[in-house]
Amino acid sequence: MKHRRNSELEELEEQLRRAEAEEAAADVAQTDEYPDEDGYEDDFDGWLDDEMDEYGVPDDEDPSPLYQNYVNGYGRVPEEAVYADEVEEPDDRRESMNRRAVMKASGGRRRKKKRGCGCLTALLVLALVIVGGLCLFVRPPRAEGEQRQRKRDTATILICGTDADGTRTDTMMLLYLSGSERKVNLLSLPRDTYTLTSSGKAAKLNSAYGRNGTGAEGMEVLLDYVRDIIGYRPDGYILLDFTMVPRIVDIMGGVDVEVPMDMDVDEIVLSKGYQHLSGDQVLALLRFRKGYATADLGRIQVQRAVMKAAMEQWLSPAHLVGAVKAVSLLENSSLSSLSTGNYLWVAKTLLLGMSDFRSDTLPGYADYRNKVSYYILEPEKVLELLNESYNPFRTSIPAGNLNIAG
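Keep in mind the model is a prediction, meaning the values are calculated, not measured.

Asks: Let's hear about the overall build of the chain: which residues, and what values?
Replies: A count of helices and strands for the chain gives 11 helices and 14 strands. Considering the chain as a whole, with its 406 residues, one finds that 49% of them fall into the buried category. As displayed, the chain has an accessible area near 20200 Å², and 51% of this comes from carbon and sulfur atoms.

In structure tokens form, the structure reads like this:
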């Protein structure tokens, strides 16, 4: 039985080597005239203010409860703090013992270390594909109508979380995934980002979804606002109701994260320090903001740190069963433009790219305009960051593509 398992692992490793060799050959053969750099067709399914916060909704519009401030029931989502990741240094002795155990299990032979994913990662990717039964449809999402040449195997996905009443996207993050670059980048779009409505009135970015019908219609308009800010339309979106967070976290067995300070959110008390959190505790951490010196910006940092920790800890063979259940929950309980094949591509790319992870917030500063607090973007810095880490195209994003309100 042991010999058979080793043989199967070796066979999978050989398959992975062949696939990587074929991928490298495809990279060399690719030219500028190639119509679709990633080899996929385009015809697939396609979250600083205080309690005086207002939304900057045009004066001639009805100030309905959808756009009221924290005092009126908005933003039961707490605040933020500067978040420092603490990485525990590996125990040299334990690491040595683990190496000996691996050698023993493989018959005493030292296996050559592979670049990228190891055998267990390959097994997880293979299992995800088999479970989905969609080998031929594992592909990145793609924005319709985009003619610019793309980086191979690269896509961007807008991930949003709604507030308590489901009308404002108080969490907005752009996930940049690149299989060819082996990168996973996460860009936060502050909820108070200053924008202009179609009639030229000031409004916060997080209100675009609710002001335009919510649902799929609201998300399509939000994507247009995001396109004005980043110079291109994201390839897809996932809209989460925050009530789903505890379910997903519990399915995956919780997550180990750093709690930046003592906090009490809706009778859930968390103490400062690195610890294992359940689903309800993670939701409390994500919602807390009033204790942070930088309010919502602090919360944004914590949110990204939680997402990074979750991806690093959950993307492993030990969490395979939970991952399949979580993907099923996302597909059935969230609003998304992604197909099952897109979700499988996301899982594969996360597995291969988590060794190179970075996170950022759109560059800008807080300001009051007409007694309303906004986050004002700085176009030149935004463009520089986008071209450095969030550009899915083979050429730079031109300044003219950005239409940032200021």
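Asks: Give a description of the environment of Lys 308 that names residues and reports values.
Replies: Note on placement: Lys 308 falls in helix 8 (residues 296-314). Residues Lys 308 and Ser 359, spaced 51 residues apart in sequence, show a C-alpha to C-alpha distance of 8.8 Å.

Asks: So what's going on with the pattern of salt bridges? Residues and values would help.
Replies: Tallied over the entire structure, the rule returns 14 salt bridges. For Asp 235, the salt bridge goes to Arg 150, with nearest N and O atoms at 2.7 Å. Of this pair, Asp 235 sits in the loop between helix 5 (215-230) and strand 6 (236-241) while Arg 150 sits in the loop between helix 3 (119-132) and strand 1 (154-162), and the two are 85 residues apart along the sequence. Classification of Asp 235 as buried rests on a relative accessible area of 7%. Notably, a salt bridge pairs Lys 204 with Asp 192, separated by 3.4 Å at the nearest N-O pair.

Asks: Requested: an account of the packing of aromatic side chains, with residues and values cited.
Replies: Tallied over the full model, the rule gives 3 aromatic pairs. Between Tyr 194 and Tyr 374 the ring centres are 5.0 Å apart and the planes differ by 90°, which places this aromatic pair in the edge-to-face class. Linking Tyr 194 in strand 4 (residues 194-196) with Tyr 374 in strand 14 (residues 372-377), this pair joins segments that are 180 residues apart in sequence. Tyr 374 shares its class with Tyr 194; the two are buried. Between Tyr 232 and Phe 393, the ring centres sit 5.6 Å apart and the planes meet at 85°, which makes this aromatic pair edge-to-face. In this pair, Tyr 232 is assigned in the loop between helix 5 and strand 6 and Phe 393 in the segment after helix 11 (379-389), connecting sequence segments 161 residues apart. Owing to a relative accessible area of 1%, Tyr 232 belongs among the buried residues under this scheme. Judged by its relative accessible area of 3%, Phe 393 is buried. Stacked on the ring of Phe 393, the Lys or Arg Arg 148 has its end atom at 4.0 Å from the ring centre.

Asks: Tell me what's going on with the pairing of strand 2 (residues 171-178), and back it up with residues and numbers.
Replies: Of all the 8 residues making up strand 2, 8 are buried; the element is thus mostly covered by neighbouring parts of the structure. Taking every second residue as pointing to the same face, both faces of strand 2 are buried, with Thr 171, Met 173, Leu 175 and Leu 177 on one and Met 172, Leu 174, Tyr 176 and Ser 178 on the other. Relative to strand 2, strand 1 is paired through 8 bridges, and the arrangement is antiparallel. Bridge assignment links Ile 159 to a residue of strand 2, and that residue is Met 173. Where strand 2 and strand 3 (residues 183-188) come together, 6 bridges link them in antiparallel fashion. Bridging across to strand 3, Leu 175 finds its partner in Leu 186. From the end of strand 2 to the start of strand 3, which pair antiparallel, there are 4 residues, and Arg 182 there has a positive phi angle of about 55°.

Asks: Explain the sheet that holds strand 3 to me, using residue names and the numbers behind them.
Replies: The 6 strands lie next to each other as 11-6-1-2-3-12, forming an open sheet whose pairing is mixed. Looking at the sheet topology across the chains shown, the edges are occupied by strand 11 (335-336) and strand 12 (357-361).

So, how was this worked out
Residues numbered from 1 in each chain as written. Predicted model: local features only at pLDDT ≥ 70, side-chain atom pairs only at ≥ 80, totals over all residues. Heavy atoms only, no water. Helix = DSSP H or I, 4+ residues; strand = E, 2+ residues; numbered from the N terminus. Buried < 20%, exposed > 50% of the residue type's maximum accessible area, 1.4 Å probe, protein only. Areas by Shrake-Rupley, 256 points an atom, 1.4 Å probe, with all protein chains shown as cover. Salt bridge = Lys/Arg side-chain N within 4 Å of Asp/Glu carboxyl O. Phe/Tyr/Trp six-rings, centres within 6.5 Å; stacked < 30°, edge-to-face > 60°. Lys NZ or Arg CZ within 6 Å of the ring centre and 35° of its normal. Pairing = 2+ DSSP bridges.

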